[in-house]
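Structure assessment
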Amino acid sequence: MHSNKSPNRIRRMTLFLIPVGLGLSVTAHAAEPDSPDKMQSEIPAPTLDTDGDGLMDAWDRSGDGQPDAWDSDGDGQPDLIDNDGDGQPD
(Lines give C-alpha, C1' and ligand atoms only; values in the text may rest on other atoms or scores of the structure.)
Protein backbone atom coordinates (compact mmCIF):
# COMPACT_ATOMS: atom_id res chain seq x y z
CA MET A 1 0.00 0.00 0.00
CA HIS A 2 1.10 3.48 -0.75
CA SER A 3 0.84 6.25 1.79
CA ASN A 4 -1.06 9.42 1.04
CA LYS A 5 1.45 12.08 -0.10
CA SER A 6 -1.02 15.01 -0.03
CA PRO A 7 0.11 16.48 3.31
CA ASN A 8 3.73 16.40 2.14
CA ARG A 9 2.81 18.05 -1.18
CA ILE A 10 0.80 20.76 0.58
CA ARG A 11 3.70 21.45 2.93
CA ARG A 12 6.09 21.84 -0.01
CA MET A 13 3.67 24.13 -1.85
CA THR A 14 3.19 26.24 1.27
CA LEU A 15 6.94 26.71 1.65
CA PHE A 16 7.00 27.93 -1.96
CA LEU A 17 3.84 30.09 -1.89
CA ILE A 18 4.63 32.09 1.26
CA PRO A 19 7.76 33.80 -0.15
CA VAL A 20 6.03 34.33 -3.51
CA GLY A 21 3.06 35.98 -1.79
CA LEU A 22 5.35 38.21 0.25
CA GLY A 23 7.27 39.20 -2.87
CA LEU A 24 4.07 40.12 -4.68
CA SER A 25 2.76 42.18 -1.78
CA VAL A 26 6.01 44.16 -1.57
CA THR A 27 5.86 44.80 -5.31
CA ALA A 28 2.23 45.92 -5.10
CA HIS A 29 3.04 48.27 -2.22
CA ALA A 30 5.87 49.85 -4.19
CA ALA A 31 3.50 50.47 -7.13
CA GLU A 32 0.96 52.41 -5.02
CA PRO A 33 0.62 56.12 -5.87
CA ASP A 34 2.05 58.76 -3.57
CA SER A 35 0.07 59.88 -0.58
CA PRO A 36 -2.14 62.98 -0.89
CA ASP A 37 0.38 64.97 1.16
CA LYS A 38 3.06 64.42 -1.46
CA MET A 39 0.66 65.29 -4.26
CA GLN A 40 -0.36 68.56 -2.63
CA SER A 41 3.23 69.73 -2.47
CA GLU A 42 3.34 69.62 -6.30
CA ILE A 43 0.98 72.62 -6.69
CA PRO A 44 3.02 75.47 -8.15
CA ALA A 45 3.11 78.84 -6.46
CA PRO A 46 0.47 81.35 -7.57
CA THR A 47 1.59 83.57 -10.43
CA LEU A 48 -1.04 86.33 -10.64
CA ASP A 49 -1.90 89.19 -8.27
CA THR A 50 -5.64 89.69 -8.80
CA ASP A 51 -6.38 92.04 -5.91
CA GLY A 52 -3.41 94.41 -6.32
CA ASP A 53 -1.94 93.91 -2.84
CA GLY A 54 1.48 92.83 -4.13
CA LEU A 55 0.98 89.17 -3.17
CA MET A 56 0.42 86.48 -5.74
CA ASP A 57 -2.99 84.95 -5.12
CA ALA A 58 -4.16 83.27 -8.36
CA TRP A 59 -3.14 80.70 -10.96
CA ASP A 60 -3.53 80.67 -14.72
CA ARG A 61 -4.06 76.94 -15.27
CA SER A 62 -5.27 77.29 -18.86
CA GLY A 63 -2.43 79.58 -20.01
CA ASP A 64 -4.70 82.28 -21.43
CA GLY A 65 -3.43 85.06 -19.13
CA GLN A 66 -6.60 85.08 -17.02
CA PRO A 67 -6.84 83.68 -13.49
CA ASP A 68 -8.83 80.47 -13.14
CA ALA A 69 -7.88 79.38 -9.59
CA TRP A 70 -7.65 81.58 -6.51
CA ASP A 71 -6.16 81.29 -3.03
CA SER A 72 -8.73 83.05 -0.88
CA ASP A 73 -7.27 82.22 2.54
CA GLY A 74 -3.52 82.72 1.89
CA ASP A 75 -2.41 79.13 2.50
CA GLY A 76 -0.80 78.69 -0.94
CA GLN A 77 -3.45 76.21 -2.10
CA PRO A 78 -6.17 77.04 -4.63
CA ASP A 79 -9.54 77.35 -2.85
CA LEU A 80 -11.74 78.84 -5.56
CA ILE A 81 -11.69 77.20 -8.98
CA ASP A 82 -13.15 78.28 -12.33
CA ASN A 83 -13.82 75.06 -14.22
CA ASP A 84 -16.40 76.40 -16.69
CA GLY A 85 -14.22 79.20 -18.12
CA ASP A 86 -16.42 82.17 -17.24
CA GLY A 87 -13.67 83.94 -15.22
CA GLN A 88 -15.54 83.55 -11.93
CA PRO A 89 -15.11 80.94 -9.19
CA ASP A 90 -17.57 78.04 -9.43
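Residues numbered from 1 in each chain as written. Predicted model: local features only at pLDDT ≥ 70, side-chain atom pairs only at ≥ 80, totals over all residues. Heavy atoms only, no water.

When you go through the protein residue by residue, the secondary structure sums to two helices and three strands. Ordered by position from the N terminus, the helices and strands of the protein form the series α-α-β-β-β. Long-range contacts, defined here as pairs at least 24 residues apart, represent 4% of the contacts in the protein between residues at least 6 apart. Roughly 7,300 Å² of accessible area belongs to the protein as shown, and the carbon and sulfur atoms make up 58% of that amount. (Helix = DSSP H or I, 4+ residues; strand = E, 2+ residues; numbered from the N terminus. Contact = heavy atoms within 4.5 Å. Areas by Shrake-Rupley, 256 points an atom, 1.4 Å probe, with all protein chains shown as cover.)

Turning next to the environment of R61. Structurally, the position occupied by R61 is in the loop between β1 (58–59) and β2 (69–70). With residues up to four places along the chain from it excluded, the contact list for R61 reads D68, A69, I81, D82 and N83. Side-chain polar atoms of R61 contact the side chain of N83, separated by 3.2 Å. (Polar contact = N/O pair within 3.5 Å; in protein donor to acceptor, adjacent residues only side chain to side chain.)

It is worth spelling out the sheet that holds β2 at this point. The strand order across the open sheet formed by three strands is β1-β2-β3, and the pairing between neighbours is antiparallel. Where the open sheet ends on each side, the last strands, each with one partner, are β1 and β3 (80–81). Two elements, β2 and β3, share two bridges in a ladder whose sense is antiparallel. The partner of W70 across the bridge, within β3, is L80. (Pairing = 2+ DSSP bridges.)

Before going further, it helps to spend a moment on the pattern of salt bridges. Here the structure, examined in full by the defined rule, presents one salt bridge. Among the ionic pairs, R61 bridges to D68, the shortest N-O distance being 3.5 Å. With a relative accessible area of 7%, D68 lands in the buried category. (Salt bridge = Lys/Arg side-chain N within 4 Å of Asp/Glu carboxyl O. Buried < 20%, exposed > 50% of the residue type's maximum accessible area, 1.4 Å probe, protein only.)

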